[in-house]
Protein chains: 2
Amino acid sequence: MPGIDAVARLAGVSTATVSRALSGNGHVSPATRIRVQEAARQLGYVVSSPASSLASGRTKNIGVVVPFLNRWFYSSVLEGAGAALLRNGYDLTLYGLAGGADERRSVFEHFLLRKRVDAVLALTIELTNRELQSLLDLQKPIVGIGGPLVGVPTLSIDDVDVARRATDHLLGLGHRRIGMIGGESGFELDFHLPTNRRSGYEFALRQAGLEPDPGLFRPADFTITGGYAAARLLLEHPLTRPTAVFAASDEMALGCMLAARDLGLNVPRELSVIGIDGHEYAEFFGLTTMAQYPGRQGEQAVEMLMDQLHPGRREAAPANVPLPVELVVRGSTAPPPA
Amino acid sequence: MPGIDAVARLAGVSTATVSRALSGNGHVSPATRIRVQEAARQLGYVVSSPASSLASGRTKNIGVVVPFLNRWFYSSVLEGAGAALLRNGYDLTLYGLAGGADERRSVFEHFLLRKRVDAVLALTIELTNRELQSLLDLQKPIVGIGGPLVGVPTLSIDDVDVARRATDHLLGLGHRRIGMIGGESGFELDFHLPTNRRSGYEFALRQAGLEPDPGLFRPADFTITGGYAAARLLLEHPLTRPTAVFAASDEMALGCMLAARDLGLNVPRELSVIGIDGHEYAEFFGLTTMAQYPGRQGEQAVEMLMDQLHPGRREAAPANVPLPVELVVRGSTAPPPA
DNA sequence: CTGAAAGCGCTAACAT
DNA sequence: ATGTTAGCGCTTTCAG
């Protein structure tokens, strides 16, 4: 592994010039820049990250804090963020919080403090005040995705609006008895998301002159299994059952479709179902959904971080643009039975 | 952020002693060790990773190379590996290869060379010779999971045996016409896995005195959608259709079950289905499967790396123990119709 | 068991 | 535009 001085010698310049030529910081004449790059290429020189970090205080690495990995939303965000970081020459260090409380604490009190990351990306997580404080104490750029973190710029879809639009779709088809499978206010996910989606649902109903019926709401845990169980309860009484169900996630919506099948209900003839997510399986099951694009959310979060890390590198991406969510109509929704 | 000298001053020792006391390398009297630890705690001292890495050549960081993130198997391995690394005080830097060829190349030719990782964990990936060579050139411990990488110790289930056992389960129930939904030899995944699973299937049939019928084999892409399409073809002719299907992944098996439903075939009365994976959805759908445990595979791979990184830290985990795979019988398999 | 001191390989003033 | 040089904050010989 050749060092920077080997490159300097081969190119006939000083190490400082090599550093400047390769990093792009500081002025170097085009001619020498090329000479240096060629020398580096020839020797297979790659900068030593620890040495560079120690000297400059920059790591070219972003820490990403994730509650779970094996959930579609998170892994999709991660995929998008990872690709975007790679393009920018940044590494991605992953901190999973799925483990026990001790490990979780060590992430905030130890791992993130090692001067290993230039910034932090926090995916929908309900952080304790103390954890949030550790993050802010880092004095580094932070961007959140999903849940609102107090004091942290956050990228998030407008949950109220998305739920409203989903409900509106059902109302527009003529449905009047619309059930909802919502989120539980569990401590794992963000507190507000379930509440906001329910608010949007109720708002849409009221706009249509309908009073939300609490008996038509069932909480579940965002999984297929949970959605199935909730749907069984929602659909069990033929006389009182809704003609349409709005589920706060695609997986719950799929559980609902499967429950309907098992109850002998035809979707969409006897029951319409709509979800939120744009999950990869939604297409296969013909599920109408409000598609969000987690991969792009990850990319966009990275752009925000890059804007903070390299001010003026280009016009900063406008902050606070709401994330796009599109209604994708498939076969699971139709007018109610006559 | 206090430095090591602040701790040394407070504890009344030299920085060398602080380093030894905190890292565990070198001898320190119990008394001073405690004094140092207390001083560090009191000041909230955390070692600077770049400085430590530069001086020691160690990074306490592992690079993990992953082809895709949003696939159950990979994200589960990652979850397990991440937790195990955290427990060992290691960071996990993620290199996703889902992007374009350029980005993929930069991972091997640039990112991994920055002296940022002490070792590499490579998840089932078909690497080019050149890529493999870059890894080996790092002169660092490498462990693979899944696909066999030439020259790299690899953790892998015995695909032939697992497929044989799955097929045996069906044979044991009395099935004689057993179809298979296998993998395509795509370039994304490892080459051998699809072939090996098919071999095990054919081996089991021959052991039972049955000649494999090529018409009962259909390739697919390991997804629900692909499994569904393959199953439609496999099951379309009532007279020639198999009474049981072995799918090389749970997702394809689920696709098969859904296809059977759509064709009006009762599972398991008219069709038995078995998969491989132990996917989180298998339980919900009542799918019989050969469960592998990707999370534990991730943990075990980390143990192997730790054994190489810290020889003699404890008795090394025995290498080459085959990974456990268990038959989990659920409602999707039963004796064939009389 | 502990301390003194020489780097680890690079970057960023400061000069020129 | 380029060179000189003093660190960056730790670890690790080498002494004692």
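Being a predicted model, the structure only gives us computed values, none of them experimental. (Residues numbered from 1 in each chain as written. Chains lettered and ligands numbered in written order. Predicted model: local features only at pLDDT ≥ 70, side-chain atom pairs only at ≥ 80, totals over all residues.)

Looking only at helices and strands, chain A features 13 helices and eleven strands. At 25 Å, chain A has a C-alpha radius of gyration far larger than the 20 Å of a compact globule built from 338 residues. Projected onto its principal axes, the C-alpha coordinates of chain A cover approximately 85 × 40 × 35 Å. Looking at chain A as a whole, 51% of its 338 residues are labelled buried. For chain A, restricting intrachain contacts to residue pairs at least 6 apart in sequence, the fraction spanning at least 24 positions comes to 69%. (Helix = DSSP H or I, 4+ residues; strand = E, 2+ residues; numbered from the N terminus. Rg over C-alpha atoms; globule rule 2.2 N^0.38 Å. Buried ≥ 20, exposed ≤ 12 C-beta atoms within 10 Å, placed from the backbone. Contact = placed C-beta atoms within 7 Å.)

Glancing now at the interface of chain B and chain A. Between chain B and chain A, the residue contacts involve 39 residues of the former and 39 residues of the latter. Breaking the side of chain B that touches chain A down by element, the ones donating at least two residues are helix 4 (49–56), helix 5 (72–87), strand 2 (91–96), helix 6 (101–109), helix 10 (224–235) and helix 12 (280–285) of chain B. For the side of chain B that touches chain A, a count of residues per class yields 18 nonpolar, 14 polar and seven charged. Note that strand 2 (residues 91–96) of chain A and strand 2 of chain B share three bridges and pair antiparallel. Counterpart to A:Leu94 in the pairing with strand 2 of chain B is B:Leu92. (Nonpolar A, V, L, I, M, F, W, Y, C, P; charged D, E, K, R; others polar. Pairing = 2+ DSSP bridges.)

Here the focus is the protein's contact with DNA strand D. Around DNA strand D, a shell composed of 27 residues is seen, among which A:Ala16, A:His27, B:Ala16, B:Ser19 and B:Ala55 lie nearest. Of all the elements in the fold, those that place two or more residues in the surface near DNA strand D are helix 2 (15–23) and helix 4 (49–56) of chain A together with helix 2 (15–23) and helix 4 of chain B. (Near = placed C-beta within 6 Å.)

With that out of the way, let us pick up the domain arrangement of chain A. Interface size is commonly expressed as the accessible area that is lost once the parts come together. The domain architecture assigned to chain A consists of domain 1 (4–56), domain 2 (61–157 + 294–322) and domain 3 (159–291). Taking only C-alpha atoms, the centre of domain 1 of chain A and the centre of domain 3 of chain A are 58 Å apart. (Domains from an automatic or database assignment.)

Before going further, it helps to examine the sheet that holds strand 6 (residues 178–183) of chain B. Residue and element names in this part refer to chain B. Read across the open sheet, the six strands follow the order 7-6-8-9-10-11; overall the sheet is mixed. Of all the strands in the sheet, the pair left with one neighbour each is strand 7 (217–220) and strand 11 (326–328). Neighbour-to-neighbour, the strand axes of this sheet turn through a mean angle of 20°, independent of strand direction. Summarising the sheet, strand 9 (residues 272–277) and strand 10 (residues 288–291) pair through four bridges and their orientation is parallel. Across the sheet, residue Ile276 finds its bridge partner in strand 10, namely Met290. (Axes fitted to C-alpha atoms, helices over the stretch in contact; angles between N-to-C directions.)

With an RMSD of 0.1 Å, the fit of chain B onto chain A corresponds to turning through 180° and sliding 0.0 Å along the axis. Taken together, the rotation and translation relating the two chain copies correspond to the operation of a two-fold axis. Take the interface residues of chain B: 100% of them recur as interface residues in chain A, which is what a same-surface contact looks like. (Least-squares fit on C-alpha atoms with pLDDT ≥ 70 in both.)

Our next topic: the protein's contact with DNA strand C. Surveying the vicinity of DNA strand C reveals 26 residues, the closest of which are A:Gly3, A:Ala16, A:Ser19, A:Ala55 and B:His27. Mapped onto the surface near DNA strand C, the elements with two or more residues apiece are helix 2 and helix 4 of chain A together with helix 2 and helix 4 of chain B. Ranked by residues supplied to the surface near DNA strand C, first place goes to helix 4 of chain A with five residues. Counted by class, the surface near DNA strand C contains eleven nonpolar, 15 polar and no charged residues.

Take unusual backbone geometry next. Here the amide bond leading from A:Val267 into A:Pro268 is cis, since omega sits at 10°, within 30 degrees of zero. One non-glycine residue with positive phi stands out, namely A:Phe222, at about 75°. Along the chain, A:Phe222 turns up in the loop between strand 7 (217–220) and helix 10 (224–235). The class for A:Phe222 is buried, based on 25 C-beta atoms found within 10 Å. Phi angles above zero are rare outside glycine, and B:Lys60 is one such case at about 55°. Judged by the 20 C-beta atoms lying within 10 Å of it, B:Lys60 falls in the buried class.

Looking now at helix 9 (residues 192–207) of chain B. Residue and element names in this part refer to chain B. With 16 residues, helix 9 extends 22 Å from end C-alpha to end C-alpha; this agrees with the ideal 22 Å at 1.5 Å per step. Taken together, the buried positions of helix 9 are occupied by Leu193, Pro194, Asn196, Arg197, Arg198, Gly200, Tyr201, Glu202, Ala204 and Leu205. Here the buried face of helix 9 lies against helix 8 (159–172), strand 6 and strand 8 (244–247). A positive phi of about 80° marks Gly209, the residue just after helix 9. (Expected span 1.5 Å × (residues − 1).)

A few words now on the pairing of strand 4 (residues 142–145) of chain B. Residues and elements named next belong to chain B. Here strand 4 shows no split at all, with Ile142 and Gly144 on one side and Val143 and Ile145 on the other all buried. When strand 3 (residues 119–123) meets strand 4, the two strands line up parallel, connected through four bridges. Residue pairing for strand 4: Ala122 is matched across the bridge by Gly144. Of the crossover connections in this fold, the one passing from strand 3 over helix 7 (residues 129–137) to the parallel strand 4 is right-handed. (Right-handed = clockwise from strand over helix to strand, strands pointing away.)

The strand order 5(A)-4(A)-3(A)-1(A)-2(A)-2(B)-1(B)-3(B)-4(B)-5(B) describes an open sheet built from ten strands, whose pairing is mixed. The open sheet terminates on both sides in strands that have one partner only, identified here as strand 5 (154–155) of chain A together with strand 5 (154–155) of chain B. Here strand 1 (residues 61–66) of chain A pairs with strand 3 (residues 119–123) of chain A via four bridges, running parallel. Directly across from A:Ile62, in strand 3 of chain A, lies its bridge partner A:Ala119.

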